[in-house]
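Chain by chain, the residues:
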Amino acid sequence: MSATLSEATPAAFVRHPIRLTLNGQVRELQVLAWTTLLDLLREQLDLVGSKKGCDHGQCGACTVLRDGKRINACLTLAVMCDGAELTTIEGLAGDEALHPMQQAFITHDAFQCGYCTPGQICSAVGLANEGRAQSRAQISELMSGNLCRCGAYNNIRDAIEQALPLCRQPQAQGGDQ
């Protein structure tokens, strides 16, 4: 007696199709319902720039952009990204040059060990897209979800201040966040 797929495979183990645009490339994938976006990126797609720091959404090391807004990839299920446009640290730079935020982080030496840097940069780009940070104090507050254990916060703020005017998306200026 042979079992059919539905009889032999519990519903939880069924893979779900998703289609997303990842760093400018359309991808069609099959994912398990409980797969986090972070695990999909790191373990299945070999995009290891986003880091697994706390795995609880408290450190920001896994920050990526979904439709231009910053999210914690460790708290986001991959199936929730069906139809989304995702940008990771690997997708920020252009063919010829670094993204202005990446360049500002280098210019201001806004990293030490570098572990948090991809999340910091993606979060800062999302912050620029939101168009809400108008002062150094606002940058500090709005970046507070991204931790740096090395304490490079002053340099991080300097980099973000420099790059914000170069990164802002005009359509996001009146954002509702």
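Residues numbered from 1 in each chain as written. Predicted model: local features only at pLDDT ≥ 70, side-chain atom pairs only at ≥ 80, totals over all residues. Heavy atoms only, no water.

S.K.: Can you help me understand the pairing of strand S1 (residues 15–22) in this one?
M.R.: The side chains of a regular strand alternate, residue by residue, between the two faces of the sheet. One ladder, built from eight bridges, connects S1 with strand S2 (residues 25–32); its direction is antiparallel. Residue Thr21 lies in a different strand from S2, and its bridge partner there is Val26. Following S1, the chain reverses through two residues before pairing antiparallel with S2; Asn23 in that reversal takes a positive phi of roughly 55°. Summarising the sheet, S1 and strand S5 (residues 85–87) pair through two bridges and their orientation is parallel. Bridged to Thr21 within S5 is Glu85. (Pairing = 2+ DSSP bridges. Helix = DSSP H or I, 4+ residues; strand = E, 2+ residues; numbered from the N terminus.)

S.K.: How do you make sense of the nonpolar core when you look at a structure like this?
M.R.: Soluble globular proteins tend to pack their nonpolar side chains together in the buried interior. Grouped together as the largest cluster of nonpolar side chains are 25 residues, with contacts concentrated most on Leu92, Met101, Phe105, Ile121, Ile139, Ile156 and Ile160. Contributing elements (two or more residues each) for this core: helix H3 (100–107), helix H4 (117–130) and helix H6 (153–167). Here Ile156 is in contact with Phe105, Ala110, Gln120 and Cys148, once residues within four sequence places are set aside. With 20 residues, the next largest nonpolar core counts Leu29, Val31, Ala73 and Ala78 among its residues. (Core = buried A, V, L, I, M, F, W, Y, C linked by side-chain atoms within 4.5 Å. Buried < 20%, exposed > 50% of the residue type's maximum accessible area, 1.4 Å probe, protein only. Contact = heavy atoms within 4.5 Å.)

S.K.: Hey, could you run me through the sheet that holds strand S4 (residues 69–72) in this one?
M.R.: As a general point, the strands of a sheet are linked pairwise by backbone hydrogen bonds and lie either parallel or antiparallel. Strand order in the open sheet made by the five strands is S2-S1-S5-S3-S4, with mixed pairing throughout. Single-partner strands in this sheet number two, and they are S2 and S4. On average, each strand axis in the sheet is inclined to that of its neighbour by 40°, with strand direction left out of account. Where helix H2 (residues 37–44) meets the sheet, its contacts fall on S1, S2, strand S3 (63–66), S4 and S5, and the angle it forms with S2 comes to roughly 105°. Sitting on the sheet, H4 touches S3, S4 and S5, and the angle it makes with S3 is about 35°. (Axes fitted to C-alpha atoms, helices over the stretch in contact; angles between N-to-C directions.)

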